Amino acid sequence: MVHLQWRGKKAVQNHYSYIPYHTLDLLYTYPSTSQASKLDSSIAREALGLAKNCAKTSLDGYPTSNFKDSQEICHENLAENKIIKGDNLLALKSLLPMYANKIHCIYIDPPYNTGSENWIYNDNVNSPLMQKWLSKVVNREDLTRHDKWLCMMYPRLRLLHELLSESGVIFISIDDNEMAHLKLLCDEIFGERNFVDTLHWKRKKQPSFLAKHTAKVMEYVLVYAKHKESLNKLSLDTLSDATKKVINLTNQLSVRKFSKGVRVKLGEKGVIKKGVYKIKTMSVEYLNDVFYENGITTNEVEVRALFSVSQEKIDDFIKHSLLFITTNYGLRRDVSEEEKQGRKSITDLLLKDWGDNQESEKELLAIFGKKIFDYPKPRQLIQNLIQCATYTKKDSIILDSFAGSGTTAHAVLELNKQDGGNRKFILIECEDYADSITAQRVKYAISGYGKEPMLNATGGEFSFLEVGEPVLLNKKGKKVLNENLKIQKILEYIFYTEFNTALTYDKDAFSANYFVGEVSQKALYFIYEKHKSTTLNLEFLPRLKKQDSYIIYADNCTLSQAQLNEQNIEFRQIPRDIRKL
């Protein structure tokens, strides 16, 4: 495999691992309870799902009164949809404790590095060369602009790779300026074997024939999988029915034997008396009483009907839990996984049904009433990409770390509205317009906009957060715990560094005995008090829950190594043994 080399590569290869973990601080949730009450009642129900009992509060020292359009917020009711304001490198690192290996679909639209975008390299890498790059606009005359772009992209792609699920997929929009570099970069990070395709998207209806050499109308979408063998077929094809017939008017009357285990849609428990049941123009005759419990038949029966499938097929449908008795005593079956895999793949040429730049400009004009953003992507392009990646996983999490005008969130909400899915989005935007444009567009999408807001309102909710303070500070070359943070933020971080999984925080358990949580019979304790030294000693041992082993943090420990071994305790000193993420 060819490896790409550029100035600054050695400095950024491991930079993502040195970035300190920062908290994500909630500023507001939209819609708030009071705002939802002003929306149409049907939109409000869909937007909120369940009514929230949140009180106005401040989180991690950020009073809501300091923010324009302050909302009713409640930390326990943080929405699953999120928009994060801040450096996407810091934000991606901060998502790891909750979302490592959990993001099924990523779409990003990074700077194309055309030389006219005025983007700035701002990663504080420990390199004299790169320190000189900081805060300088990257333009066409900059001879290091490709090096800077690669240095910017490399650590972000490494973190995106860690967030992507085992069966996940990433889509990256790009044009000719960095296409060749990006392909080699992704081969290195995701693996050449996990390259899926280069999609060609027609961004313009009509080319500019005044171009010097060729009139360009295409851009690219690079597609990579976390593990290509685990990735489902990318398809927009829809099956004509979610369920299929097993009886048909044109077939002859015949008898089939049903073994126990047929699903019943009539309820949890009951009896279908033997006899003939008419369903529209056909009928089904049960030759025996049919008993069912927990929605499943418990006895063998014979059924006479106009069957369109063989006994062998009936046996297979029952074996795979596909066959069911309907609410009107008829018979149908679910579509099999094999049939789902028979869908047509998308092609690598994305034309009229995938939107273009003119459409995206009209979309934003309809929402905001004026031009507010340059070169937004059309909602249909991103919506189609998400749909083709999540048609079997409609509860997937979608991540966009270059959120721009918020198209990805709008696409997720609209797709959920169309197919009844429960996909979630996480958007990250570093620019000042993260609230005024990115989040504002999503608010319009949720509550409606234009002349007929009821028709285009999607419902839903999201929380708006910003990148906060680091958990660990460096004071005079020594690692110290940031005591300005709420204890929950610290515990979430500690738990993830120990168990590589998210913490379900129990405030009462921690307050009583410093208990944080447990995984596979290994319990974690964090004996910690702000501005006060703590000690693990013999007096503390009776407070331990019965577990196979323990990890216990404290400032000091008076137990001998033999006593620790006897109790299966691993002692960690605060802050010395707190690991960097």
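This text follows the structure it describes.
Rules used in this analysis
- Residues numbered from 1 in each chain as written.
- Predicted model: local features only at pLDDT ≥ 70, side-chain atom pairs only at ≥ 80, totals over all residues.
- Heavy atoms only, no water.
- Core = buried A, V, L, I, M, F, W, Y, C linked by side-chain atoms within 4.5 Å.
- Buried < 20%, exposed > 50% of the residue type's maximum accessible area, 1.4 Å probe, protein only.
- Helix = DSSP H or I, 4+ residues; strand = E, 2+ residues; numbered from the N terminus.
- Contact = heavy atoms within 4.5 Å.
- Pairing = 2+ DSSP bridges.
- Axes fitted to C-alpha atoms, helices over the stretch in contact; angles between N-to-C directions.
- Right-handed = clockwise from strand over helix to strand, strands pointing away.

**With respect to the nonpolar core**
Piece 1. Residues Ile84, Leu95, Tyr121, Met153, Leu157, Leu182 and Leu399 are the most contacted members of the largest nonpolar core, which totals 56 residues.
Piece 2. The biggest single contributor to this core is helix α7 (residues 145–163), with ten residues.
Piece 3. Apart from residues no more than four positions distant in its own chain, Tyr121 is found in contact with Val12, Met130, Trp133, Leu134, Ser135, Lys136, Val138, Lys148, Cys151 and Met152.
Piece 4. Ranked by size, the runner-up nonpolar core spans 40 residues in total, among them Ala225, Leu231, Ala411 and Phe464.

**Considerations on the sheet that holds strand β23 (residues 462–470)**
Piece 1. Ordered by their spatial adjacency, ten strands build an open sheet running β1-β23-β4-β22-β21-β5-β6-β8-β7-β20, and the pairing between neighbours is mixed. The outermost strands of the open sheet, each flanked by one partner alone, are β1 (22–30) and β20 (349–350).
Piece 2. Here strand β4 (residues 82–85) pairs with β23 via four bridges, running parallel. Note that in β23 the partner of Lys82 across the bridge is Ser463.
Piece 3. On the sheet, helix α8 (residues 179–191) packs against β6 (164–174), β7 (195–202) and β8 (218–225) and is oriented at approximately 5° with respect to β8.
Piece 4. Running at roughly 155° to strand β5 (residues 103–108), helix α12 (residues 379–390) makes contact with β5, β6, β7, β8, β20 and β21 (397–400) of the sheet.

**Some words on the pairing of β21**
Piece 1. Of the two faces of β21, the one lined by Ile397 and Leu399 and the one lined by Ile398 and Asp400 are each fully buried.
Piece 2. Pairing analysis gives two bridges linking β5 to β21, with the strands arranged parallel. Counted as the bridge partner of Cys105 is Ile398 from β21.
Piece 3. Inspection of the sheet shows β21 paired to strand β22 (residues 424–429) by four bridges, in the parallel sense. Each residue of the ladder has a partner; that of Leu399, found in β22, is Ile426.
Piece 4. In the classification by handedness, the crossover that spans β21, the intervening helix α13 (residues 407–419) and the parallel β22 is right-handed.

**Considerations on unusual backbone geometry**
Piece 1. Here the bond from Tyr30 into Pro31 is cis, since omega is -5°, no more than 30 degrees from zero.
Piece 2. Relative to the elements of secondary structure, Pro31 occurs in the loop between β1 and α3 (33–38).
Piece 3. The omega torsion across Ile574 and Pro575 is -5°, close enough to zero to call that bond cis.
Piece 4. Along the chain, Pro575 turns up in the segment after β31 (569–573).
Piece 5. For Ser321, which is not glycine, the phi torsion reads 55° and is therefore positive.
Piece 6. Counting through the fold element by element, Ser321 comes out in the loop between α9 (311–319) and β18 (323–325).
Piece 7. Relative accessible area serves as the criterion here: at 39%, Ser321 is assigned to the partly exposed category.

**Remarks on the sheet that holds strand β13 (residues 275–279)**
Note on sheets: strands pair through backbone hydrogen bonds, and any given pair is parallel or antiparallel.
Piece 1. Reading across from one edge, β10-β17-β14-β13 is the order of the four strands in this open sheet, with antiparallel pairing throughout. Strands at the two margins of the open sheet, each flanked by one partner only, are β10 (254–258) and β13. When the angles between neighbouring strand axes are averaged without regard to direction, this sheet yields 25°.
Piece 2. Here β10 pairs with strand β17 (residues 301–305) via five bridges, running antiparallel. Within the sheet, the bridge partner assigned to Phe258 lies in β17 and is Val301.

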